[in-house]
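Survey of secondary and tertiary structure
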Amino acid sequence: MRKLKSILLVVMAVLMALPVFAGGSKDTAKAAGTPDDPVTIDLWFGAAVTEAGMIPDDWVGYDIIREKLGIDLKLTMLPSNESDQDVRIQAAGAANELPDLFMVRRPVLTNLVKQGLVAQVDDCFEKMPVRTAQQYDASSIAHTTINGHVYGFASPGAIAKNEGLLVRKDWLDKLGLEIPTTLDEFIEVARAFTFDDPDGNGRDDTYGYGAFVETDATLKGYPGSRLWPIMGAFGVEGLWSFDSETAGLSIYKPEFYDFMVTLKAMCDEGLIDPNWLSYKKDDFRAAWKQGRFGMMYEQNAAYAATANYAPFDKNFPDGEWIVIDAITGPEGHAAIGAYDMNYRIYAVSQKAVDAGKLDKICELLEWMSSDEGYYLLGWGQEGVNYVLDENGIPVAGDLGDNAFTGSKGQVVTQLRNMVFYNGDVELASRYPTYVTEVSGKTMSALTTLREMQAKKWTSAVGSGTMPTPNADVQRYYDQSLAEFLTGAKELTPANWQAFLDQFNKIGGEAWNQAGIAKMTEDGLIR
Amino acid sequence: MTTAENKERSTSQVLQKPARSKLRREISRHRSVYLLALIPLVYYIIFKYVPIWNAQIAFRDFMAVRGVTGSEWIGLENFRTFVDSFYFWSLIRNTVMYSVGKLVISLPLSIILAICIYECTKPGLRKVVQTLAYLPHFLSWVIMYGILLALLAPGDGVVNDVIKLAGGKAIDFLSNVKTFPWVVLFSDAWKEMGWSAIIFIAALMGIDVSLFEAAMVEGANSWQRVRYITIPAIMPVVVTVLILKLGTILDAGFNQIFMLYSPQVYSVADIIDTWVYRQGLLEFEFGLATAVGLFKGVFGMMLVLFANWLSRRLTDNSLF
């Protein structure tokens, strides 16, 4: 009994002590920033491959950074899901416990700036000449400029225009069809893929087009980017139009209604995989690998990278996807989609600046972009995690699991997105040409990327900085369009106008006006 | 001081503070129990009572850098924002619909399951059923979504395959405003029914077996034994569960709805918590989020008090 009581007392003591430690440790005195008295920098980063795991404690980078920069680097991996990232950052912000340096999305950054939690970094760029030349151009700096001040370092993120319209060429050939070039031809091909048994299995189990709802608050308005090739045929791709004649939300263009009519007709006829409204991204990707549809809008690596293409190759050794041109609509519009420059923002907390850490943070970032930092963070240690091929490109070689592509090597390159800027070396290394295991095809996600980038795209650069609506306006927008598509609300010109009127009334018009003002202020109207 | 004086003084002290001494004696006598109770008590103080101080955020324009007390006092502005929301009544309606719906569907199913398990005379079968019924509780809603999609997808879901085989037209259960609420209610019942039945099974275990023996001697059949012995015996537990559930009537299950909903079904799916997530947390409106939380808490407490009073008047069973 006495033992039990002792245990209970210890448990209680721990419980009661918890809140004391909940706030984390505080620096009691300013460190000198030398190897013997390093400055602690707390960095919350977006991992390159979240599921691979955290950088190990014995990572050589910790020692190098401590010895060369006098920094004791403390790393925390952010969740891979963007919403979870946002919540994590917002919660830390609410508790005034943001780390020194952290990755953050722009809408969240805007909120944090309003709260005074993020530091201005206008003067930092001149302290990081190599990194600035490599990563921070005028467009990047504009991306994190709020009310005339720069609040964060925006590095190149996902490659622009890295998605495309793909068609199953083997299905076209089997049915004797040509590659569609117009909207009418596109619908005809979709119809044939749906009803003419393109896979020849004798079952009614294929669809013309596959998608899922992929939206965001600034670029990919409902029904989302996976429908962009069809929207592009009407000139309504992208949430915002930056065209001087139609500047504002694309929803106000009369062509948007025409697009909705066409999309609804395609849905009603069953030409689009009916699961599209329920699919999450992974479901959609599993579906095309299972041969459910013959046309889709997909990202280059998600389609052509070794591991991603392998299941399709196994299921359909004779299957073949090709990247096609944008389809032309009734008024001559054509676009694969709308593109913005993508950035990964790292912001510095005001707390870090108050603690005198800003210069050390600049030093750290500058070192990351030095040859030593770039290769160490990008690929690991030469001879251990990578070898250079005859062209000077880091490759896995025979390094097995330790290679930067292997399970052990991946964990030591988790910070690579902090140094990569989509340079040629990176792309050649990331997307090597390979031969598929089953069908023996020669594939390259890099070649696919170049093909996709060469298609017709609409510039929506600046979308990422546009104002976002409140939750009610966003819900009304998404919900109404969804109800028109599912038939819950009849899609007629009168109902469409009623929708726009109500949208304006609850805040849509104010959102549109704020957007136009922002475009004008930033010189985004073309 | 003499022994007599000591005795006299001690006696007077006892006479002056009888209640305190009695309490001390009681605590001393049952110290192990109090010690055990202290752990949850400490938990509640730290994680439930101390944060109440921060509830004042609901009345402030919360700025993290200024802290709770340093943020500007704005009175009921956050509550006004919530109530003035374009979807306020829709949010209330959906939230109450799911909460009450879950209560109406899950509670009887849990009781029926508990009675079935209790009445089952084959121990092997009972264990298998119990385990299978508990299992879904341990699955996250992410996994459950995957299972539901495999079952209900219009293209290749098992249920729709059966519907199509029977000559019907596929139904998009997860995107249809008519079917979505039923998916929410029955998937919740499926997931939580087994777990919720535990408390009723425990109550059933406490019934005096001689009552059943006497009923059998009197010729009562199974149904009559359930009706006249089992159900009345577990009624106090049912009332307790019901009252406690009323306290969380405005918690309609954020995780579940958040995983299952989509813009097509916002009109019947958006609940207070999902709205707060979008408007409060993602927009950094922590004052608004706290105001809604406070609103829910106060409303829930009022319902618990009312239900407790009603239950005491009607059934003589009550929580306090």
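Residues numbered from 1 in each chain as written. Chains lettered and ligands numbered in written order. Predicted model: local features only at pLDDT ≥ 70, side-chain atom pairs only at ≥ 80, totals over all residues.

**Brief notes about the overall build of chain B**
Filter applied, for reference: Per the convention used, a helix needs a DSSP run of H or I reaching at least four residues, while a strand needs a run of E reaching at least two, with both numbered from the N terminus. The globule rule used here is 2.2 Å times the number of residues to the 0.38 power, and the radius of gyration it is set against is calculated over C-alpha atoms. Whether a residue is buried, exposed or partly exposed is read from the other C-beta atoms within 10 Å of its own C-beta, which are placed from the backbone; 20 or more gives buried, 12 or fewer gives exposed, and intermediate counts give partly exposed. Residues are treated as contacting if the C-beta atoms built from their backbones sit within 7 Å of each other.
When you go through chain B residue by residue, the secondary structure sums to 16 helices and two strands. Against the compact-globule benchmark of 20 Å for 320 residues, chain B has a radius of gyration of 27 Å, which places it well outside the compact range. When burial is assessed residue by residue, chain B has 28% of its 320 residues classed as buried. Across chain B, the fraction of contacts at a sequence separation of at least 24, relative to all contacts at a separation of at least 6, is 65%.

**Observations concerning the domain arrangement of chain A**
The line we're drawing: Residue ranges labeled as domains rest on an automatic or database domain assignment.
By domain assignment, chain A separates into domain 1 (28–157 + 344–379) and domain 2 (163–339 + 458–465). When each unit is reduced to the centre of its C-alpha atoms, the spacing between domain 1 of chain A and domain 2 of chain A is 37 Å.

**Description of the interface of chain B and chain A**
Note the threshold: Gly is put with the polar residues, along with every residue not named as nonpolar or charged; the nonpolar set is Ala, Val, Leu, Ile, Met, Phe, Trp, Tyr, Cys and Pro, and the charged set is Asp, Glu, Lys and Arg.
Contacts between the two partners involve 35 residues from chain B and, on the opposite side, 39 residues from chain A. Among the elements of the structure, α3 (31–49), α14 (266–269) and α15 (272–281) of chain B are those that each provide at least two residues to the side of chain B that touches chain A. Broken down by element, the side of chain B that touches chain A gets its largest block of residues, six residues, from α3 of chain B. Here the side of chain B that touches chain A is composed, by residue class, of 24 nonpolar, seven polar and four charged.

**Section: the packing of α15 of chain B against helix α16 (residues 286–315) of chain B**
Residue and element names in this part refer to chain B. The test is simple: Axes here refer to lines fitted to C-alpha atoms; in helices the fit is confined to the stretch in contact. Angles between the N-to-C directions go from 0 to 180 degrees. Roughly parallel here means an angle under 35 degrees, roughly antiparallel means over 145, roughly perpendicular means 65 to 115, and every remaining angle is called oblique. By convention, the crossing between two helices is left-handed when the near helix turns anticlockwise from the far helix through less than a right angle, and right-handed when the turn is clockwise.
Across the interface, α15 lies against α16 with an axial gap of 8 Å and an inter-helix angle of 160 degrees. In terms of their interaxial angle, α15 and α16 are classed as roughly antiparallel. Viewed along their axes, α15 and α16 form a crossing whose handedness is left-handed. For the pair α15 and α16, the contacting residues are Ile272, Val276, Gln279, Gly280 and Leu281 in the first and Phe286, Leu288, Ala289, Val292 and Lys296 in the second. Among the residues making up the contact of α15 with α16, the classes are represented as seven nonpolar, two polar and one charged.

**Observations regarding the nonpolar core**
Residue and element names in this part refer to chain A. Threshold: Put simply, a nonpolar core is a cluster of buried Ala, Val, Leu, Ile, Met, Phe, Trp, Tyr and Cys residues tied together by C-beta atoms within 7 Å.
Judged by nonpolar contacts, the single largest core of 84 residues is most densely connected at Ala190, Tyr209 and Ala211. The residues touching Tyr209, leaving out its near neighbours within four places in the chain, are Ala190, Leu271, Ile272, Phe293, Met295 and Met296. Membership of the second largest hydrophobic core comes to 53 residues, among which are Leu69, Val108, Phe153 and Met418.

**Examining the domain arrangement of chain B**
Residues and elements named next belong to chain B. According to the domain assignment, chain B contains domain 1 (3–73) and domain 2 (88–315). Using only C-alpha atoms to locate each centre, domain 1 and domain 2 end up separated by 36 Å. Taken residue by residue, the interface counts six residues in domain 1 and five residues in domain 2. For the side of domain 1 that touches domain 2, a count of residues per class yields four nonpolar, no polar and two charged.

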